[in-house]
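# Structural description and commentary
What follows is the residue order along each chain.
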Amino acid sequence: MTQLFLEDRVVVVVGDLTRENVDAIVNAANSSLLGGGGVDGAIHRAGGPQILQRCREIRKTRYPDGLPIGEAVITSGGNLPARYVIHTVGPIYGNDPERESELLAAAYRNSLTLAVQHALTSIAFPSISTGVYGYPKHEAAAISSRAIKEFLKLDQSVQQVRLVFFHDADARVFLEHHELE
Ligand code: AR6
């Protein structure tokens, strides 16, 4: 299943994010930046120790208290097909109800901003916060799609945003609730 939106700049696919051949894949990390389960674990496993080493340096220098929710940082992609990994942290659903939608949108926006700052033109996202962090998939679909659409309206440099869903059912929920059009 592959579906295209916004003059083909947004592509919805089902698959394994770590296999994406793009300039950057986005990691749904946690504030520690030191790894975890889910897509984070898969990225570090497939990408090798270089990524973790750079994350440790970022913790020591720029973010000794951890990466705040909604912010993003970039490392090399190590052994991944992608040249870079952009690490962001989504909100844990229910922890801060008044701000969580804005924080989820910020995670997408700040990841895209970092891609532009590094002159990257293709980027692939997992469905941030919808696994361990418990964000309802239909709500996340509306929020993430709106954030991406707003960003791409103002930016001309990013040519492809790939939204990679691990399961067919997750892609279907996204396709029912997105606001790309
Ligand atoms: N490719 C694409 N999507 C995937 C993959 C993959 N290889 N693996 C999982 N997903 P999660 P979160 C989907 O839990 O909710 C980690 O421990 C998955 O089906 O990875 O933001 C971090 O260290 C789900 O839809 O991220 C944090 O502690 C989506 O990716 C915490 O989990 C996100 O699920 C972050 O939780």
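Keep in mind it's a predicted model, so treat the numbers as computed, not measured. (Residues numbered from 1 in each chain as written. Predicted model: local features only at pLDDT ≥ 70, side-chain atom pairs only at ≥ 80, totals over all residues. Heavy atoms only, no water.)

### A look at the environment of D168
Tracing the chain through its elements places D168 in helix α5 (residues 168-177). On the basis of relative accessibility, which here comes to 36%, the residue D168 falls in the partly exposed class. Residues D168 and V132 lie 36 residues apart in sequence; the distance between their C-alpha atoms is 18 Å. Setting aside anything within four residues of it in sequence, one finds D168 in contact with M1 and V14. Among the polar contacts listed, one links the side chain of D168 to the side chain of R172, at a separation of 2.8 Å. (Helix = DSSP H or I, 4+ residues; strand = E, 2+ residues; numbered from the N terminus. Buried < 20%, exposed > 50% of the residue type's maximum accessible area, 1.4 Å probe, protein only. Contact = heavy atoms within 4.5 Å. Polar contact = N/O pair within 3.5 Å; in protein donor to acceptor, adjacent residues only side chain to side chain.)

### Regarding the packing of aromatic side chains
Scanning all chains against the criterion turns up three aromatic pairs. Their ring planes at 35° and their centres at 4.8 Å tell us that Y108 and F125 sit as a pair that is tilted. Of this pair, Y108 sits in helix α3 (residues 100-117) while F125 sits in strand β6 (residues 122-125); the two residues are 17 residues apart in sequence, bridging distant segments of the chain. The pair formed by Y108 and F125 is uniform in burial state, with each residue classed as buried. Ring centres of F165 and F174 lie 5.2 Å apart, and the angle between their planes is 40°; on these two criteria the pair is classed as tilted. In this structure, F165 and F174 share a single accessibility class: buried. (Phe/Tyr/Trp six-rings, centres within 6.5 Å; stacked < 30°, edge-to-face > 60°.)

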